[in-house]
Amino acid sequence: MDGDGRAVSNGIAPPPFQLPAPDSPDVITANMTRLTDLTVNDRQRFLFKNLVSHLHSFVRETGLTTKEWEETILFLTRTGQKCTPIRQEFILLSDVLGVSALVDAINNPPENGATESSVLGPFFTDDAPELANGESIASEGKGEYMYVEGRILSVDGTPIPNAAIETWETDANGFYDTQYEGRERADCRGRLHSDKDGYFGYRAVVPVAYPIPGDGPVGELLLRMSRHNMRPNHLHIMVEAPGFRKLVTAFYPEGDTYIESDAVFGVKKSLVVTLETVKDEAEARKRGFPKGDNFKLLRRDVILVPQS
Ligand SMILES: [Fe+2]
């Protein structure tokens, strides 16, 4: 709208070339492709050209019906409408279609024995309490005891001291703390640092498999595709150290029913871990577990790639 209340254009002139009338499928695609040439930014021009090419091919090759396209638009509309400041249905859609995992795989290829990345997921929060090594990320009664320990190392084996470690997981019910009504403080999540030898260790609970949210359009999509909505149990861990690439990953205890069919394609073979059972009351007390005579032990080094 201009100052006089009239409808006006966005200020861009018509293209400096003639386009034939879009009166056949091929001309529509050719015209649209030609228009992408106007994009000033090289990378964006390349992305638009490919997007148009693949999107138009999809419509043509599938013979997409008007009704199917209307349903698709309605589905995407509902996906957007389901989003809130703490619910991101579009990320979930990207996750279940394997796009999040694919972008991650392309951008973070396996390197020199470094720990591989995995999907961040929607449950990270930035209010995890600061812990010292040996302390617990979980309050008492949240699940079966598990001790997590290892070293933060560079790919050449050099220990990395004072690396910042963020870690979060479900409780024994399969819920993150954020999924409980009236959450007052963080639980089953913590922030700690590796010591001078790169060592880190903390008490936690054995995470359990859980469903991704099924009460929205993405849940309906999975039902339509006859796919379950479960993620195998896992412990999230994110590590940052000056001079190294930030690592977002997770460890997946072996043996879970869903380990080969993770709804969001997060499991890489190298991230599957074995939980040892330690049956030793004295050792349980020494590690700070207040009761019982056994706990699970997840022992795993985390190897970072130096920043180039
Ligand atoms: Fe998770």
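Every value quoted in this text rests on a predicted model; they were computed, and no experiment measured them.

As a further point, take the overall build of the protein chain. Of the regular secondary structure elements, the protein chain holds seven helices and 12 strands. The C-alpha atoms of the protein chain give a radius of gyration of 25 Å, which is well past the 19 Å a tight globule of 308 residues would have. Projected onto its principal axes, the C-alpha coordinates of the protein chain cover approximately 80 × 45 × 45 Å. Looking at the protein chain residue by residue over its 308 residues, the buried ones come to 37%. Considering only residue pairs separated by 6 or more positions, the protein chain has 68% of its internal contacts joining residues 24 or more positions apart. Carbon and sulfur atoms make up 56% of the accessible area of the protein chain, which amounts to about 17,700 Å² in all.

It is worth spelling out the side chain of asparagine 233 at this point. Following the sequence through the fold, asparagine 233 ends up in the loop between β6 (230-231) and β7 (235-240). Classification of asparagine 233 as buried rests on a relative accessible area of 8%. Reaching out from asparagine 233, the side chain makes a polar contact with the backbone oxygen of proline 207 at a distance of 3.0 Å. Not counting residues within four places of it along the chain, the set of residues in contact with asparagine 233 comprises Val206, Pro207, Val208, Ala209, Phe251, Tyr252, Pro253 and Asp256.

Right, let's get into the UniProt feature "domain: Intradiol ring-cleavage dioxygenases" (unreviewed entry) in the protein chain. As recorded in UniProt, the feature "domain: Intradiol ring-cleavage dioxygenases" (unreviewed entry) lies at residues 121-283. End-to-end, the C-alpha atoms of residues 121-283 are 34 Å apart, and along that stretch the chain is 7% helix and 31% strand.

What follows covers the sheet that holds strand β2 (residues 164-168). Spatial ordering of the open sheet is given by β3-β2-β7-β8-β9, a layout of five strands whose pairing is mixed. The strands lining the two open edges of the sheet, one partner per strand, are β3 (189-193) and β9 (272-273). Note: β2 against β3, five bridges, orientation antiparallel. Residue pairing for β3: isoleucine 165 is matched across the bridge by leucine 192.

Here the focus is the coordination of the iron ion. Looking at the iron ion, the protein donor atoms are Tyr176 (OH), Tyr210 (OH), His234 (NE2) and His236 (NE2), and they sit 2.0 to 2.2 Å from it. Considered as a linear motif, the donors of the iron ion on their single chain read Y-x33-Y-x23-H-x1-H. Residue tyrosine 176 is located in the loop between β2 and β3, and its partner tyrosine 210 is located in strand β5 (residues 210-211); the two are separated by 34 residues in the primary sequence. For the pair tyrosine 176 and tyrosine 210, one class covers both residues: buried.

Buried within helix α4 (residues 89-96) are the following residues: Glu89, Leu92, Leu93, Asp95 and Val96. Taken end-on, α4 shows its buried residues confined to a sector of 160 degrees, consistent with a single buried face. Taken together, the buried residues of α4 touch α3 (66-82), α5 (99-107) and α6 (217-224). One or two positions beyond α4, positive phi appears at glycine 98, with a value near 80 degrees.

Another aspect to go through is the pattern of salt bridges. The final tally for this structure, using the stated rule, is 27 salt bridges. Among the ionic pairs, glutamate 149 bridges to arginine 287, the shortest N-O distance being 3.3 Å. With glutamate 149 in strand β1 (residues 145-154) and arginine 287 in the loop between α7 (281-286) and β11 (294-299), the pair connects residues that are 138 residues apart, well separated along the chain. On the accessibility criterion, arginine 287 (15% relative accessible area) is buried. A salt bridge links arginine 191 to glutamate 166; the shortest N-O distance between them is 2.6 Å. Remark: glutamate 166 occurs in strand β2 and arginine 191 occurs in strand β3; sequence separation between them is 25 residues. Here the residues in one salt-bridge network are Glu149, Glu276, Glu283, Lys286, Arg287 and Arg299, joined through shared partners.

Definitions and limits used
- Residues numbered from 1 in each chain as written.
- Predicted model: local features only at pLDDT ≥ 70, side-chain atom pairs only at ≥ 80, totals over all residues.
- Heavy atoms only, no water.
- Helix = DSSP H or I, 4+ residues; strand = E, 2+ residues; numbered from the N terminus.
- Rg over C-alpha atoms; globule rule 2.2 N^0.38 Å.
- Buried < 20%, exposed > 50% of the residue type's maximum accessible area, 1.4 Å probe, protein only.
- Contact = heavy atoms within 4.5 Å.
- Areas by Shrake-Rupley, 256 points an atom, 1.4 Å probe, with all protein chains shown as cover.
- Polar contact = N/O pair within 3.5 Å; in protein donor to acceptor, adjacent residues only side chain to side chain.
- UniProt positions renumbered as here; feature names shortened; annotations may be inferred.
- Pairing = 2+ DSSP bridges.
- Donors = N, O, S within 2.8 Å, 3.2 Å for Na, K, Ca; no water.
- Arc of directions from axis to C-beta.
- Salt bridge = Lys/Arg side-chain N within 4 Å of Asp/Glu carboxyl O.

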